[in-house]
Amino acid sequence: MSVTYSIVAPIYNEIDNLPLLYRRLTDVMESSGEPWELILVDDGSTDGSTEKIRELAADDARIRPVIFARNFGHQIAITAGWDYARGDAVVIIDADLQDPPEVILELAKKWKEGYEVVYAVRAEREGETWFKKFTASMFYRIIYRITDVKIPVDTGDFRLMDRKVVDVLKQMKERHRFPRGMSAWVGFKQIGVEYKRAARHAGVTKYPFKKMLRLALNAITGFSYFPLQVATFFGFISAGVSILAIPVVAILRLAGSHFFEGQTTTLVSVLFLGGVQLISLGILGEYIGRLYDEAKGRPLYIVRDAPRD
Ligand code: UDP
Ligand code: MG
């Protein structure tokens, strides 16, 4: 069967969102008049979403459930969606209806005009705390500044990608992934479409601050050496300062000055350098840990149940 649109929705404990998500997606996709499928990736839900997904799939052959053996995280769930999608265009959408399904038609319009990646830009966000909006905004801007790829700001994973793009992304097997960065990195003809991000329909966010921080680290380490360069920068600064300071201090002492006597000066500089060194080690550790994970080469995800074709 040939499919035009594959809609991919990662699901982690979204039982109260599933029926409405299905209904709204069906309405929108029916109106497109083209064949479509819905890939529901169950990322280790524990609230009965898994059973609900199976129920929906039993009634509608267009639903293809991919059931993970445990929680692997949002980014990995998206990856599994890419792997199982068969459509000419693949759309990633959140399951909590923050990304209105109706916007898919606008994304599809741009795709028909010849764009290969159409990403949805959050012009407004509703129903989110100020802290979330502030940290998200900072996150996008910092990533934009320090990474080598120009990842569009205020843009989440909600996007449509052409088959060509998805086939390239499927070859990128990195473990600590940042899908929106990867989809910017590959190039192709890209364009943004603005939309109003709604409030969550039901349930609570699955992205506490800790997970957001992890995602930010994935984005930074995955797309730049900036943190490593900062360590080098501090190294040069402190080496430079000491090269200048050593003769000055020596001459002053020889001239009989008591200006640099005492423990405090030593203590402060030792603490400062010790701090900088530990931070640099930590940064190195982040990169080495990631290297180690890649070297192990474990599968990105494990499925308990997935469509066979
Ligand atoms: N999600 C997932 N696995 C996770 C966390 C989240 O599949 O470990 C899904 C979640 O079900 C939702 C989407 O990723 O469909 C976005 O999550 P959420 O709405 O909690 O994030 P927020 O919109 O608050 O940033
Ligand atoms: Mg959400």
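Residues numbered from 1 in each chain as written. Chains lettered and ligands numbered in written order. Predicted model: local features only at pLDDT ≥ 70, side-chain atom pairs only at ≥ 80, totals over all residues. Heavy atoms only, no water.

Enquirer: Would you mind going over the coordination of the magnesium ion (ligand 2) with me for this structure?
Expert: By definition of the ideal shapes, four donors in a tetrahedron about a metal sit 109.5 degrees apart, and six donors in an octahedron sit 90 or 180 degrees apart. The coordination sphere of the magnesium ion (ligand 2), as far as protein atoms go, consists of D96 (OD) and Q98 (OE1), spread over 1.9 to 2.0 Å. D96 sits in the buried class, given a relative accessible area of 4%. Among the residues examined, Q98 registers a relative accessible area of 6% and is labelled buried. (Donors = N, O, S within 2.8 Å, 3.2 Å for Na, K, Ca; no water. Buried < 20%, exposed > 50% of the residue type's maximum accessible area, 1.4 Å probe, protein only.)

Enquirer: Please explain the confidence of the model for the chain as it appears in this structure.
Expert: When pLDDT drops low, the exact placement of atoms in the prediction is not to be read closely. Averaged over every residue, the pLDDT of the chain is 88; residues scoring 70 or more account for 100%. Mean pLDDT in the chain bottoms out at helix α5 (residues 130-146), which sits at 82, and peaks at strand β4 (residues 89-92), which reaches 96. (pLDDT = per-residue confidence, 0-100. Helix = DSSP H or I, 4+ residues; strand = E, 2+ residues; numbered from the N terminus.)

Enquirer: Honestly, helix α3 (residues 74-84) in this entry has me stumped. Any pointers?
Expert: Three or four residues apart is the spacing at which side chains of an α-helix point the same way, because the helix has 3.6 residues per turn. In terms of burial, α3 is largely enclosed, as 10 of its 11 residues are buried. Every buried residue of α3 is accounted for by H74, Q75, I76, A77, I78, T79, A80, G81, W82 and Y84.

Enquirer: Honestly, the nonpolar core in this entry has me stumped. Any pointers?
Expert: Considering soluble globular proteins, one finds that nonpolar side chains tend to be buried as a cluster. Residues V41, F68, W82, L169, F178 and Y301 are the most contacted members of the largest nonpolar core, which totals 43 residues. In terms of nonpolar packing, the next biggest core, distinct from the first, is built from 35 residues, I11, I63, I93 and I191 among them. (Core = buried A, V, L, I, M, F, W, Y, C linked by side-chain atoms within 4.5 Å.)

Enquirer: Could you clarify how one ought to interpret the site of ligand 1 in this entry?
Expert: Close to ligand 1 lie 19 residues; E14, D43, D96, T205 and K206 are nearest. Residue A95 places a main-chain N or O atom 2.9 Å away from an oxygen atom belonging to ligand 1. R200 places a polar side-chain atom, nitrogen or oxygen, 3.0 Å from an oxygen atom of ligand 1. For ligand 1, whose free accessible area comes to 540 Å², the fraction covered by protein is 95%. (Near = heavy atom within 4 Å. Polar contact = N/O pair within 3.5 Å; in protein donor to acceptor, adjacent residues only side chain to side chain. Areas by Shrake-Rupley, 256 points an atom, 1.4 Å probe, with all protein chains shown as cover.)

Enquirer: Looking at this structure, I do not really get the packing of helix α8 (residues 209-223) against helix α10 (residues 263-296). What am I missing?
Expert: What describes two packed helices is the angle between their axes and the distance between those same axes. Two elements in contact, α8 and α10, have axes separated by 11 Å at closest approach and are oriented at 85°. Comparing their axes, α10 and α8 come out roughly perpendicular. In contact with R214, L217, N218, I220 and T221 of α8, α10 contributes E286, Y287 and R290. Of the residues that constitute the contact of α8 with α10, the class distribution is three nonpolar, two polar and three charged. (Axes fitted to C-alpha atoms, helices over the stretch in contact; angles between N-to-C directions. Parallel < 35°, antiparallel > 145°, perpendicular 65-115°, else oblique. Contact = heavy atoms within 4.5 Å. Nonpolar A, V, L, I, M, F, W, Y, C, P; charged D, E, K, R; others polar.)

Enquirer: For this particular structure, what's the right way to read the sheet that holds strand β6 (residues 155-162)?
Expert: Strand pairing in a sheet is mediated by backbone hydrogen bonds. Such pairs are either parallel or antiparallel. Taken in spatial order, the eight strands line up as β7-β5-β6-β4-β1-β2-β3-β8 in an open sheet, and their pairing is mixed. Sheet topology places β7 (190-197) and β8 (303-305) at the edges, where each strand pairs with a single neighbour. When the angles between neighbouring strand axes are averaged without regard to direction, this sheet yields 25°. Strand direction decides the pairing type here: β4 and β6, joined by four bridges, are antiparallel. Residue I92 lies in a different strand from β6, and its bridge partner there is R159. Helix α1 (residues 18-32) contacts β1 (5-11), β2 (36-42) and β3 (63-68) of the sheet and is inclined by roughly 160° relative to β2. (Pairing = 2+ DSSP bridges.)

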